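The chain contents come next:
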Amino acid sequence: MEGAAALSRVALRWDRPLPEGSLVLGDAWERAYGDLRWEPPRPERVLPWYWLATTPDGGVRGAGVRVRPAAFCSWTVDLTGTTLWLDVRSGSEPVRLAGRRLDLATVVAVESEDAGQDGADGSPFVALQGLCAALCSDPLLPSVPVFGSNNWYYAYGVGFDASAILRDADVVRSAMAAPDGSPFCVIDAGWSEGGTAPGGPWDHGWRTFSDMASVADSIRDAGCRPGLWFRPLLSREPVAGSRTERLGDEWPLDPSRPETLALVAQSVRRFGEWGYELVKHDFSTFDVFGRFHARSDVEVGATRWRFADTSRTTAEILVDLYRTVRDAAGGATVIGCNTVGHLAAGLEHVHRVGDDTSGRQWERTRRMGVNSLAFRLAQHGRFFAVDADCVPSTPQTPWTQNRQFLELVAAAGTATFVSVDPTTLDTQVAADLARAAALVADGGVDQGVEPLDWQSTPTPRRWRVGTEQRTYRWEQPWGADVRLEDV
């Protein structure tokens with residue numbers, strides 16, 4: 001794209017029929033929200049980033065854009081052809097390139113006449129793995145196995161102190177010690193003042209977290225690698241780079257401004273100076289767009305605010321943010337949560353692929369965790385390491401279900417974090433944690449895992465685990481809960 005005075009969207013059309021009886025799959029804009037699934041072609045269905053279709057004669061075809069494009073890219077697929085939609089807006093405004101040439105996206109297509117059956121070479125899952133590999137030539141992968149504790153799903157950002165974190169470190173070190181790596185102990189939201197998911201500044205903790213370097217040293221002394229959560233694009237007080245409009249009682253930051261990126265980089269470098277070996281950055285999509293993207297709608301590229309710099313697209317601005325975090329992190333492992341995976345691939349080691357699981361309601365883990373693992377597992381090792389979110393062990397959730405999710409996540413070799421309420425740590429839980437740690441530290445089972453019935457359900461029950469086929473029962477005795485708690 002070059003020379004346009006102001007432009008919002010570009011559309012490209014390929015007129016190639018898709019046979020009736022085909023099934024189509026797409027990706028998610030950022031995290032998945034239990035909504036990924038195979039469906040017959042719907043002309044109005046928005047398919048972010050890439051699509052794959054299986055045909056009644058056993059064929060498979062699809063296409064996508066290479067990671068880190070300069071536009072928010074989505075596809076629509078119907079029986080007569082395919083359209084690629086490129087949203088090139090800068091926030092809520094058309095982009096104004098001012099004579100700058102901009103390469104928007106590179107399209108890659110795949111096709112096979114025989115997709116085979118699930119669980120076999122050439123299956124739709126293998127085809128999706130191949131498409132993902134073709135879309136990213138430079139994945140950023142962790143240098144150490146990623147497993148350990150995260151306190152969010154038993155603490156939810158309140159009522160914990162540094163001693164509780166050190167207790168977590170003792171639990172995972174004793175239960176999840178592995179010869180190939182030490183577990184992480186991640187401090188999630190709540191270590192700083194301001195509520196359960198506050199903004200910065202990120203130059204100090206509060207209460208027993210007043211000396212964050214000392215907390216990191218204590219975690220390391222307990223045999224774990226210290227990790228830390230932060231929210232880079234929100235501040236409890238106005239700073240250089242703040243927008244004039246508030247988000248609640250806090251100020252969102254404009255990532256198109258160099259002052260914002262300088263502040264983010266300073267915070268991430270500080271975490272490294274304190275001794276943290278993992279940085280989890282969160283909420284940046286929400287703080288840019290003013291909402292989560294639980295629906296795949298074509299308006300995703302528009303924020304509720306105007307960027308200071310309208311010469312760059314929203315996609316370009318987000319890529320620069322992710323690169324800033326990555327560069328400032330040095331040797332630390334970077335986890336992106338509520339980030340746009342297709343824009344962050346190659347710039348974060350681990351990507352949270354789905355919405356929150358839950359330590360309060362198993363149904364949320366079933367819908368969000370199992371769905372995101374099944375339908376985004378093909379990205380694992382090809383874009384980044386996949387994180388389907390924490391496995392809780394809490395009084396409110398049944399360990400009979402949680403342990404199945406733990407087994408599958410670890411067998412896949414994906415990031416494996418647990419949130420263990422200390423009152424639930426019995427011999428069974430401890431033994432299951434130990435097995436999971438050994439698996440993920442070894443990279444998962446040989447030949448990996450694959451969903452087998454994923455073309456007929458959004459939460460697959462039948463899986464290939466290594467060379468075995470296993471069936472998991474995700475439903476409770478009464479089935480599934482219709483009501484989903486917002487936790």
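Anything mentioned here points back to the structure above.
As the structure is a prediction and not an experimental result, all values here were calculated from the model.

Student: Report on the packing of aromatic side chains, specifying residues and quantitative values.
Tutor: Considering all chains together, one arrives at 24 aromatic pairs under this definition. Ring geometry for Trp-191 and Phe-271: centres 6.2 Å apart, planes at 85°, overall edge-to-face. Remark: Phe-271 occurs in helix H5 (residues 258-274) and Trp-191 occurs in the loop between strand E10 (184-187) and helix H4 (212-221); sequence separation between them is 80 residues. Here Trp-191 and Trp-274 contribute two aromatic rings whose centre-to-centre distance is 6.1 Å and whose plane-to-plane angle is 90°, an arrangement assigned as edge-to-face. Of this pair, Trp-191 sits in the loop between E10 and H4 while Trp-274 is found in helix H5, placing the two residues 83 residues apart along the sequence. Neither residue differs from the other here; Trp-191 and Trp-274 are each classed as buried. Among the aromatic residues, those joined into a ring-pair cluster are Trp-191, Trp-202, Trp-229, Phe-230, Phe-271 and Trp-274. Here Arg-225 stacks its cationic end above the ring of Phe-184, 5.9 Å away from the centre of that ring.

Student: Which residues make up H4, and what values do they have?
Tutor: Looking at H4, one finds that the buried residues are Met-212, Val-215, Ala-216 and Ile-219. The buried residues of H4 all sit within an arc of 100° when viewed along its axis, so they share a single face.

Student: So what's going on with the sheet that holds strand E7 (residues 81-87)? Which residues, and what values?
Tutor: One open sheet accounts for four strands, arranged E1-E7-E6-E3; its pairing is antiparallel. Every interior strand has two partners, whereas the edge strands, strand E1 (9-14) and strand E3 (47-48), have only one. Examined bridge by bridge, E3 and strand E6 (residues 72-78) share two bridges and lie antiparallel to one another. By the bridge assignment, Pro-48 is partnered in E6 with Ser-74.

Student: Explain the sheet that holds strand E8 (residues 107-112) to me, using residue names and the numbers behind them.
Tutor: Across the sheet, which stays open at both edges, the four strands sit in the order E2-E4-E5-E8 with antiparallel pairing between neighbours. Unpaired on one side and paired on the other, strand E2 (23-26) and E8 mark the two borders of the sheet. Strand-to-strand twist across the sheet, computed as the mean angle between neighbouring axes with direction ignored, equals 10°. Of the pairings in the sheet, the one linking strand E4 (residues 50-54) to strand E5 (residues 60-65) comprises five bridges and is antiparallel in character. In the strand pairing of E5, Leu-52 is matched with Gly-62. Sheet contacts for helix H1 (residues 124-135): E2, E4, E5 and E8; angle to E4, the most-contacted strand, approximately 155°.

What counts and what doesn't
Numbering of residues starts from 1 in every chain and runs along the sequence as written. Reporting in this predicted model follows two pLDDT cut-offs: at least 70 for local features of residues, and 80 or more for side-chain atom pairs to be given and counted; totals over whole chains, interfaces and linings ignore these cut-offs and use all residues. Side-chain numbers come from the whole structure's heavy atoms, not from hydrogens or water. A pair of Phe, Tyr and Trp rings is counted when the ring centres sit within 6.5 Å of each other, with Trp represented by its six-membered ring. The angle between the planes then sorts it: under 30 degrees is stacked, over 60 is edge-to-face, the rest tilted. Secondary structure is summarised from DSSP: a helix means a run of H or I of at least four residues, a strand means a run of E of at least two, and numbering begins at the N terminus for each. With a 1.4 Å probe rolled over the protein chains alone, any residue whose accessible area is under 20% of its type maximum counts as buried; one over 50% counts as exposed, and the rest are partly exposed. Whether a charge sits over a ring depends on NZ of Lys or CZ of Arg being within 6 Å of the ring centre and within 35 degrees of the ring normal. This arc is taken over the directions from the axis of the helix to the C-beta atoms. Criterion used throughout: strands pair if DSSP finds at least two bridges between them. Simply put, an axis is a line fit to the C-alpha atoms, just over the touching stretch for a helix, and the angle between two N-to-C directions goes from 0 to 180 degrees. Contacts between residues were defined by any pair of non-hydrogen atoms, one from each residue, lying within 4.5 Å.

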